[in-house]
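Results of the structural survey
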Amino acid sequence: MSFEERLGSGEFLIPKCSQCERIVWPPSEYCSSCFGKVGLERLDFEARIVEFSRENDKYFCIVEIERSFKIIAKADRILLAGEIVSISKCGVRNGNYFFEIN
Amino acid sequence: MIRVGIAAYGIVPFSKEDKKIENLLMDSVAELFVKNPEIDKRDIDGVMVSTNSNSKYLGPIVAEMSGIQPKASVSIENLCSSGTNAIVSAYSYIASGLADMVLVTGAERFDSPGRVLDWDDSRGEFKQPVFWASLFTKSYKNQFSISEEDLAVVSVKNHKQAKNNPNALSGRIFSVKDVLSSKQVTEDLRLLDCSRLCTGSASVILASKDVMENFSTEPIWITGIGQKTTSAGFTKNNSFYSIKSAKDASNTALKMAKKDVTDIDAVELHDAFSVCEPMALESMGFSKNGKSIKLIKELHQTDNFKVNPRGGLMGAGHPLGATGIAQTIEIVQQLQERSGARQIDDVKAGLVHNMSAAATSSTVLVLEK
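Residues numbered from 1 in each chain as written. Chains lettered and ligands numbered in written order. Predicted model: local features only at pLDDT ≥ 70, side-chain atom pairs only at ≥ 80, totals over all residues. Heavy atoms only, no water.

**Regarding the overall build of chain B**
Put simply, the rule is: Helix and strand assignments come from DSSP, with helices taken as H or I runs of at least 4 residues and strands as E runs of at least 2, each series counted from the N terminus. Our radius of gyration looks at C-alpha atoms and nothing else; its globule reference is 2.2 Å times the residue count to the power 0.38. Here's how the labels work: a residue is buried when its accessible area is under 20% of the maximum for its type, exposed when over 50%, partly exposed in between, all with a 1.4 Å probe on protein chains only. Contacts are residue-level and defined by heavy atoms, with any inter-residue pair within 4.5 Å sufficient. In short, Shrake-Rupley with a 1.4 Å probe defines the accessible areas, and a residue's cover is counted only from the protein chains shown. Positive: Lys, Arg. Negative: Asp, Glu. His and the chain ends are not part of the count. To locate a charge, the coordinates of NZ of Lys, CZ of Arg, CG of Asp or CD of Glu are taken.
Scanning chain B from terminus to terminus reveals 12 helices and 11 strands. Against the compact-globule benchmark of 21 Å for 369 residues, chain B has a radius of gyration of 19 Å, which places it among compact chains. Counting only C-alpha atoms and orienting by the principal axes, one finds that chain B spans roughly 55 × 45 × 35 Å. When each of the 369 residues of chain B is scored for burial, the buried share is 65%. Counting contacts in chain B only where the partners sit at least 6 residues apart, residues at least 24 apart contribute 79% of the total. Put simply, chain B shows about 13800 Å² of open surface, and 48% of that area lies on carbon and sulfur atoms. Side-chain charges in chain B split into 41 positive and 43 negative, and the spacing between the mean points of these groups amounts to 3 Å.

Structure follows, in structure tokens:
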């Protein structure tokens, strides 16, 4: 299954190159470094808030995963830059990825 | 390399008009040819179209609608910096000897599909530009202890300058209080911190030195070009308070032009949102990091139009495919001393900065008399 299919079922897996073992982001079939085939790993990864803002009562933030790549996620509480968080919910809605942190 | 300059231009007022892209492109093309009857259409051997429109085969369509049979006719799309990318392509055709004279025309509708980069899934459900702009703004404010009031001056200044631009979308002047009381879009962004997408069209003709001498008495030369793409995705930016693509592109352009940033007398930079202006000024070396708000305030207080004289994207409006061409026309007019009430004194060199997709790529041009 692809990253997107896994994400669609609520699983956030880490795309890694099977040859050079680098994390590949955004997810792709090929490694952007060595063009090796990319597989998916189920990791207990670290997620850290880099920056955040707010739209009405909804917070949105840049989250760095495994000190490697960044995503924008949603939160329903006050955030702190540098705070370690975890992805509480993710998926694909109306063709768009979504990520939520706890 | 063959010397390349801008021989003529055409631009029409930006609006919210609902019009087909093909007809929009022709608005500024017709303006250009009507105002420059000395240009023989048979001499044009390239047509480059800049737009994010989904309409196909626009290069040949514009050529046919203009009665031109060029060697090459293509469309160039690179989101908000499509315009300067089309100019660089035209420059390359001429500098390499593949063409002598190229028409570059750009247009966009107010409802352009270039508003959002669908591919960038790292942004999750926050794909609209206001979200990256909010995160840039928060990061810049925190890094340099800049307030919302400080940033509001960018919008005030650029709307004031647009008031002197007959092609600008905005005809209104705002105070800092107006900006701060405009609709809160996010915690870090108000409505008047945002440029507005609009309908617009702008065209230029680029020509080689040999061809230029036949008809233009006041050519403006493209003496420096710099481009940099750091990524396509917003979250690949390493800093959210500076613009690496602008820094690298301006360094390259200034080096090619054998100029220092202190030699630049007029700047059109990509102020898609308030925070973009100080970030771009600092990244391109016009100010030390965190200090450009002071420069912007001084320029505003002294009615010095050096930065974004036509009102930038915030005051003039942002028709994506036409923006980079309109910015270039402004610097051409400044160098030709044809900017009327917004004329800057004694302009010898000007710079255009046009960027795309949350600052992930930039194009910089240096223009001189």
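**Re the pattern of salt bridges**
The cut-off we apply is this: We define a salt bridge as a contact between a side-chain nitrogen of Lys or Arg and a carboxyl oxygen of Asp or Glu at a distance within 4 Å.
One pass over the structure, following the stated rule, counts 36 salt bridges over all chains. The residue glutamate 277 of chain B makes a salt bridge to lysine 157 of chain B at a minimum N-O spacing of 2.9 Å. Of the two residues, glutamate 277 of chain B is situated in helix 9 (residues 276-283) and lysine 157 of chain B in helix 5 (residues 148-162); the sequence distance between them amounts to 120 residues. Classification of glutamate 277 of chain B by relative accessible area gives buried; the value is 0%. Put simply, Arg54 of chain A together with Lys138, Lys141, Glu187 and Asp188 of chain B are held in one network by salt bridges that share partners.

**Examining the layout of surface pockets**
Residues and elements named next belong to chain B. Inclusion rule: Points on a 1 Å grid over protein atoms alone make up a cavity when a 1.4 Å probe fits among them but cannot get out, and a pocket when they form an open set with protein on both sides within 12 Å along at least five of seven lines; lining residues each have an atom within 4 Å of a point. Grid points are joined across faces, edges and corners, and a volume is the space filled by probe spheres set on the points. Here the term charged refers only to Asp, Glu, Lys and Arg, the term nonpolar to Ala, Val, Leu, Ile, Met, Phe, Trp, Tyr, Cys and Pro, and the term polar to all other amino acids, Gly among them.
Space inside the largest pocket adds up to approximately 650 Å³. Along the wall of the largest pocket there are 34 residues; nearest its centre are Pro129, Ser195, Arg196, Leu197 and Phe273. Counting residues per element, the lining of the largest pocket draws most heavily on helix 4 (residues 129-144), which supplies 3 residues. A class-by-class count of the residues in the lining of the largest pocket yields 20 nonpolar, 9 polar and 5 charged. Of the voids in this model, the second largest pocket is the one considered here, and its volume is about 380 Å³. Taken together, 24 residues form the lining of the second largest pocket, with Ala8, Tyr9, Asn36, Gln336 and Arg338 sitting closest to its centre. At the level of elements, strand 1 (4-11), helix 1 (21-35) and helix 12 (320-335) are the ones that each hand at least two residues to the lining of the second largest pocket. Element by element, the count of residues in the lining of the second largest pocket is highest for strand 1, at 6 residues. Split into classes, the residues belonging to the lining of the second largest pocket amount to 8 nonpolar, 10 polar and 6 charged.

**Concerning the domain arrangement of chain A**
All names here are of chain A. Note the threshold: Domains are outlined according to an automatic or database domain assignment. In short, buried area is how much 1.4 Å probe accessible area vanishes from two parts on joining, totalled over both.
Parsing chain A into structural domains produces domain 1 (1-43) and domain 2 (44-102). For domain 1 versus domain 2, the separation of C-alpha centres amounts to 19 Å. Note on domain 1 versus domain 2: buried area summed over both sides is about 1200 Å², and carbon and sulfur give 78% of it. If you look at where domain 1 meets domain 2, you find 0 salt bridges. Element by element, the count of residues in the side of domain 1 that touches domain 2 is highest for helix 1 (residues 3-8), at 4 residues. Broken down by class, the residue content of the side of domain 1 that touches domain 2 amounts to 7 nonpolar, 2 polar and 3 charged.

**Topic: the nonpolar core**
Residue and element names in this part refer to chain B. Quick reminder of the rule: In these notes, a set of buried Ala, Val, Leu, Ile, Met, Phe, Trp, Tyr and Cys residues joined through side-chain atoms within 4.5 Å is what counts as a nonpolar core.
Counting 52 residues, the largest nonpolar core has Phe234 and Leu351 as the members making the most contacts within it. A per-element tally of this core places helix 4 first, with 7 residues. Once residues lying within four places of it in the same chain are set aside, the contact partners of leucine 351 are Leu254, Ile264, Ala266, Val267, Glu268, Met284, Phe286, Ile331, Val364, Leu365 and Val366. Judged by nonpolar contacts, the second largest core, of 39 residues, contains Ala90, Ala95, Val102 and Val352.

**Here we look at the interface of chain B and chain A**
Put simply, the rule reads: Throughout this description, a polar contact denotes any pair of N or O atoms lying within 3.5 Å of each other; where both atoms belong to protein, one of them has to be capable of donating a hydrogen while the other can accept it, and for residues adjacent in sequence the pair is counted only when both atoms sit in side chains.
Chain B puts 24 residues into the contact, and the matching count from chain A is 21 residues. When the area that chain B buries against chain A is broken down by residue, the three leading residues are Glu125, Phe126 and Leu135 of chain B, summing to 29%. Between glutamate 187 of chain B and arginine 54 of chain A there is a salt bridge; the shortest N-O distance is 3.6 Å. Linking chain B to chain A there are 10 residue pairs in polar contact (both at pLDDT 80 or more). Elements supplying a minimum of two residues to the side of chain B that touches chain A: helix 4 and strand 5 (184-186) of chain B.

**Describing the packing of aromatic side chains**
Where we set the bar: Any pair of Phe, Tyr and Trp rings, taking the six-membered ring for Trp, is counted once the centres come within 6.5 Å. Such a pair is stacked with planes under 30 degrees apart, edge-to-face with planes over 60 apart, and tilted for the rest. Look at NZ for Lys and CZ for Arg. If either is within 6 Å of the ring centre and within 35 degrees of the ring normal, a charge sits over the ring.
Evaluation of the coordinates by the stated rule reveals 20 aromatic pairs over all chains. With centroids separated by 4.2 Å and ring planes inclined at 10 degrees, the aromatic side chains of tryptophan 25 of chain A and phenylalanine 69 of chain A adopt a geometry described as stacked. Of this pair, tryptophan 25 of chain A sits in the loop between strand 1 (14-17) and strand 2 (38-41) while phenylalanine 69 of chain A is found in strand 5 (residues 69-75), placing the two residues 44 residues apart along the sequence. We classify tryptophan 25 of chain A as buried; its relative accessible area is 7%. What makes phenylalanine 69 of chain A buried here is its relative accessible area of 2%. A centroid spacing of 5.6 Å and a plane angle of 90 degrees characterise the contact between phenylalanine 144 of chain B and tyrosine 241 of chain B, whose relative ring orientation is edge-to-face. Note that phenylalanine 144 of chain B is positioned in helix 4 and tyrosine 241 of chain B in the loop between strand 8 (220-229) and helix 8 (244-257), a separation of 97 residues in sequence. Ring pairing ties together the aromatic residues Phe3, Phe12, Trp25, Phe45, Phe69, Tyr97 and Phe99 of chain A, which thus form one cluster. Lying across the ring of phenylalanine 98 of chain A, arginine 93 of chain A places its NZ or CZ 3.9 Å from the centre. It is lysine 138 of chain B that lies over the ring of phenylalanine 52 of chain A; its NZ or CZ is 4.2 Å from the centre.

**Let's talk about the pairing of strand 5 of chain A**
Residue and element names in this part refer to chain A. Rule in force here: At least two bridges found by DSSP between two strands is the condition for calling them paired.
In terms of burial, strand 5 is a largely internal element, 7 of the 7 residues being buried. Residues Phe69, Ile71, Ala73 and Ala75 of strand 5 are buried on one face, and the alternating residues Lys70, Ile72 and Lys74, pointing to the opposite face, are buried as well. Two strands pair when backbone bridges link them, and strand 4 (residues 58-65) and strand 5 are joined in this way by 7 bridges, in the antiparallel orientation. Across the sheet, the residue bridging to tyrosine 59 is alanine 75, located in strand 5. The antiparallel pairing of strand 4 with strand 5 creates a hairpin that spans 3 residues between the two strands, and glutamate 66 there sits at a positive phi of about 50 degrees.

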